[in-house]
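Report on the structure
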There are 2 protein chains.
Amino acid sequence: MKLYDNRRAPNPRRVRIFLAEKGITVPSVQVDLLAREQKSESFRRKNSLGSVPVLELDDGECIAESVAICRYLEELQPEPALFGRDARERAQVEMWNRRLELGLLVPVGQVWIHGSPHTAKLVKQVPAAAEFNRGVIARFLRWLDGELAASKFVAGERYSVADITGLCTLDFATVLVGISIDSTLSHLSRWHAAVAGRPSAQA
Amino acid sequence: MKLYDNRRAPNPRRVRIFLAEKGITVPSVQVDLLAREQKSESFRRKNSLGSVPVLELDDGECIAESVAICRYLEELQPEPALFGRDARERAQVEMWNRRLELGLLVPVGQVWIHGSPHTAKLVKQVPAAAEFNRGVIARFLRWLDGELAASKFVAGERYSVADITGLCTLDFATVLVGISIDSTLSHLSRWHAAVAGRPSAQA
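Residues numbered from 1 in each chain as written. Chains lettered and ligands numbered in written order. Predicted model: local features only at pLDDT ≥ 70, side-chain atom pairs only at ≥ 80, totals over all residues.

Quick notes on the overall build of chain A
Along its length, chain A carries seven helices and four strands. Its helices and strands in sequence order give chain A the pattern β-α-β-α-β-β-α-α-α-α-α, from N to C terminus. In chain A, buried positions account for 45% of the 203 residues. A fraction of 63% describes how many contacts in chain A between residues 6 or more apart in sequence connect residues 24 or more apart. (Helix = DSSP H or I, 4+ residues; strand = E, 2+ residues; numbered from the N terminus. Buried ≥ 20, exposed ≤ 12 C-beta atoms within 10 Å, placed from the backbone. Contact = placed C-beta atoms within 7 Å.)

Thoughts on the sheet that holds strand S2 (residues 28-30) of chain A
All names here are of chain A. If you trace the four strands from one edge of the open sheet to the other, you get S2-S1-S3-S4, paired in mixed fashion. Each of the sheet's edge strands pairs with one partner strand only, and the pair in question is S2 and strand S4 (62-64). Adjacent strand axes in the sheet meet at a mean angle of 20°, parallel and antiparallel pairs treated alike. With three bridges connecting them, strand S1 (residues 2-5) and S2 associate as parallel partners. Paired with aspartate 5 across the two strands is glutamine 30, which belongs to S2. (Pairing = 2+ DSSP bridges. Axes fitted to C-alpha atoms, helices over the stretch in contact; angles between N-to-C directions.)

Observations regarding the relation of the copies chain A and chain B
For the pair chain A and chain B, the best superposition has an RMSD of 0.0 Å and corresponds to a rotation of 180° with a translation of 0.0 Å parallel to the axis. Considering both components of the superposition, the chain copies are consistent with a two-fold axis. Ranked by how close their C-alpha atoms come to the rotation axis, the residues of chain A are headed by alanine 129 of chain A, at 2.9 Å. Here 100% of the contact residues of chain A are again contact residues in chain B; the copies associate through an equivalent surface. (Least-squares fit on C-alpha atoms with pLDDT ≥ 70 in both.)

Some details on the interface of chain A and chain B
Accessible area lost on assembly of the parts is the figure often given for the size of an interface. On the chain B side, the residues contacting the 25 residues of chain A number 25 residues. Looking at the side of chain A that touches chain B, the elements with two or more residues in it are S4, helix H3 (66-76), helix H4 (87-115) and helix H5 (127-148) of chain A. Classifying every residue of the side of chain A that touches chain B gives 14 nonpolar, one polar and 10 charged. (Nonpolar A, V, L, I, M, F, W, Y, C, P; charged D, E, K, R; others polar.)

Here we look at the pairing of strand S1 (residues 2-5) of chain B
Residue and element names in this part refer to chain B. As defined by bridge partners, S1 adjoins strand S3 (residues 54-56) across three bridges and the pair is classed as antiparallel. Considered in S3, the bridge of lysine 2 is made with glutamate 56. With respect to chirality, the unit in which S1 leads through helix H1 (residues 10-22) into the neighbouring parallel strand S2 (residues 28-30) is right-handed. (Right-handed = clockwise from strand over helix to strand, strands pointing away.)

So, the environment of valine 52 of chain B
All names here are of chain B. Tracing the backbone shows valine 52 in the loop between helix H2 (41-44) and S3. For valine 52, a count of 23 C-beta atoms within 10 Å corresponds to the buried category. Excluding residues that lie within four positions of it along the chain, valine 52 makes contacts with Tyr4, Asp5, Asn6, Ala9, Asn11, Pro12, Val31 and Gln38.

Some remarks on unusual backbone geometry
With an omega of 5°, the peptide bond running from valine 52 of chain A to proline 53 of chain A counts as cis. Within the secondary structure layout, proline 53 of chain A lies in the loop between helix H2 (41-44) and strand S3 (54-56). Residues other than glycine seldom take positive phi values, yet arginine 36 of chain A does so here, at roughly 60°. As for its position among the elements, arginine 36 of chain A is in the loop between S2 and H2. Residue arginine 36 of chain A is classed as exposed on the basis of its C-beta count, with 12 C-beta atoms lying within 10 Å. The backbone of glutamate 65 of chain B sits at a positive phi, close to 80°, despite the residue not being glycine.

Focus: the domain arrangement of chain A
Residues and elements named next belong to chain A. Under the domain assignment, chain A is made up of domain 1 (2-76) and domain 2 (87-202). The straight-line distance from the C-alpha centre of domain 1 to that of domain 2 is 21 Å. On the domain 2 side, the residues contacting the eight residues of domain 1 number nine residues. Tallying contributions element by element places helix H1 (residues 10-22) first for the side of domain 1 that touches domain 2, with seven residues. Split by residue class, the side of domain 1 that touches domain 2 holds five nonpolar, no polar and three charged. (Domains from an automatic or database assignment.)

A look at the nonpolar core
The biggest cluster of nonpolar side chains holds 108 residues, and the ones touching the most others in it are Phe18, Ile63 and Val108 of chain A together with Phe18, Ile63 and Val108 of chain B. Once residues lying within four places of it in the same chain are set aside, the contact partners of valine 108 of chain B are Ile137, Thr169, Phe172, Ala173, Val177 and Ile179 of chain B. (Core = buried A, V, L, I, M, F, W, Y, C linked by C-beta atoms within 7 Å.)

A few points about the sheet that holds S1 of chain B
Residue and element names in this part refer to chain B. Taken together, four strands build an open sheet; the order of strands is S2-S1-S3-S4 and the sheet is mixed. Taken across any chain shown, the strands that pair with only one partner, and hence form the sheet edges, are S2 and strand S4 (62-64). Between one strand axis and the next, the sheet turns through 20° on average, direction left out of account. The sheet strands contacting helix H3 (residues 66-76) are S3 and S4, and the helix crosses S4 at an angle near 125°.

If you want it as structure tokens, here you go:
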């Protein structure tokens, strides 16, 4: 197997952390996103959408989309279970992972697209859309803080792929997108410190 | 089990079609979205985000998010497999389902939020964001049409949950959001006719 990766992008980091939590090592290739290498003809043969991460299997079959890659790795090596241990837990982890993607990662992506100087040359930005989504994010984080008051990790008492999604999204939001997080959200910041403090977060 | 449903919204329809393909019958309760019943205190005890669908289990545990519900139902009744039959197929189905969600359902949702008269009273719309996302959708559909030239269904030769996502998203886009689809996309329209013609599409 081979992972097409990029050190600065949030989605490949999700796969690297997942691998680290599993204790799996996979050789990786850095894809130069600034040089638009992911949009090259040769890379599009691996993922016609032209994005990273991509996991290439030994026979050349390629899996794109970070969660699809993680799910495949979970099947190869079930322990520790990061998608849940039984049907109910898996449903809760899936629910939480999606809540964080749709409620947080998607609007953070909108702020990135419409509000970042990094993307200004690539798209016709709509600054009001960035502003709108900053509001969506602030409300979502307030809600998430309330939920984290009652649970150790995002999906309950066990660390899961939903925590990885949350960590990578929040770090992307603050470090690259320039979104500041309300520091009075104490449950959120307790959770962030816990997941960011795991060795896997350095992956 | 009990399904909290709404006949007009796209996400509950995904679960109804999934149930129909599985041949499972679950009693359902219609949630009045126009009356904002999903935002009521009693409904938020089932799903604190205040959205449908929600599957309530017999002991009161609730699963929100359409794909989390479908995945739980797949575990209860594995056949016919709508998330794939083995690890590789499951990875491909997951990849395709996410491509359709992130690449199509999310921008269609943005057009709905920022361009529909139905949502104008609920949010401070950014019309330029609707326009931007119409372009995203047109480009995605052109790409999808090219992919469908080589495969019968979205994720390959077998019908899957990714087809359900695609069907519900396209129908929502055209019927409720008022997005018109380029009629020269012949592979897309062949695929749409095939999935819309299955009995489950009436669910």
